[in-house]
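Results of the structural survey
So you can see what is in the structure, the chains are spelled out below.
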Amino acid sequence: MFIIDELTGLKYATNEQVIKDTKYTKNKYAELVWKNMLNRYGKQFVKEPNRHSEYYSENEVVDDSIFGV
């Protein structure tokens, strides 16, 4: 799926299409960036974020005492 910019005529892939392409090309860096954007921006990033729930990361509990805090 893509969107066409009416002023320039350029075609842009939707964020949903980007994740499909990264699965196909096995581009791990692009997949990592996509996951980070999904976790930060949710509905602003994709239309239906619940459809991509497998990409949400769980918040890690970090023991600050190991860092001297």
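Placed above this text is the structure.
Residues numbered from 1 in each chain as written. Predicted model: local features only at pLDDT ≥ 70, side-chain atom pairs only at ≥ 80, totals over all residues. Heavy atoms only, no water.

1. A word on the pattern of salt bridges
Applying the stated criterion across every chain, the model contains 2 salt bridges. The shortest N-O distance in the salt bridge between Lys-28 and Glu-31 comes to 3.8 Å. With a gap of 3 residues between them, Lys-28 and Glu-31 both fall in helix α2 (residues 28–41), about one helical turn apart. Residue class for Lys-28 comes out exposed when judged on its relative accessible area of 61%. Residue Lys-35 pairs with Glu-31 through a salt bridge whose shortest N-O separation is 3.4 Å. Pair noted here: Lys-35 and Glu-31 are both in helix α2, with a separation of 4 residues, about one helical turn. Classification of Lys-35 by relative accessible area gives partly exposed; the value is 27%. Because the salt bridges share partners, they merge into one network encompassing Lys-28, Glu-31 and Lys-35. (Salt bridge = Lys/Arg side-chain N within 4 Å of Asp/Glu carboxyl O. Helix = DSSP H or I, 4+ residues; strand = E, 2+ residues; numbered from the N terminus. Buried < 20%, exposed > 50% of the residue type's maximum accessible area, 1.4 Å probe, protein only.)

2. Brief notes about α2
For α2, spanning 14 residues, the distance from its first C-alpha to its last is 20 Å, which sits close to the expected 20 Å at 1.5 Å a residue. Looking at the buried residues of α2, the elements they touch are α1 (15–25). Backbone nitrogen of Tyr-29 and a side-chain oxygen of the N-cap are separated by 3.3 Å at the start of α2; the cap is Asn-27. Positive phi appears at Gly-42, one or two residues downstream of α2, with a value of about 45 degrees. (Expected span 1.5 Å × (residues − 1). Contact = heavy atoms within 4.5 Å. Polar contact = N/O pair within 3.5 Å; in protein donor to acceptor, adjacent residues only side chain to side chain.)

3. Topic: the packing of α1 against α2
Relative orientation of the contacting elements α1 and α2 amounts to 145 degrees, with a least axis distance of 9 Å. α2 is crossed by α1, and the crossing has left-handed handedness. Across the interface between the two elements, Asn-15, Val-18, Ile-19 and Thr-22 of α1 pack against Ala-30, Glu-31 and Trp-34 of α2. Of the residues assigned to the contact of α1 with α2, the class counts are 4 nonpolar, 2 polar and 1 charged. (Axes fitted to C-alpha atoms, helices over the stretch in contact; angles between N-to-C directions. Left-handed = near helix turned anticlockwise from the far one by under 90°. Nonpolar A, V, L, I, M, F, W, Y, C, P; charged D, E, K, R; others polar.)

4. Remarks on the environment of Phe-2
With respect to the helices and strands, Phe-2 occurs in strand β1 (residues 2–4). The residues contacting Phe-2, other than those within four sequence positions of it, are Lys-11, Tyr-12, Ala-13 and Thr-14.

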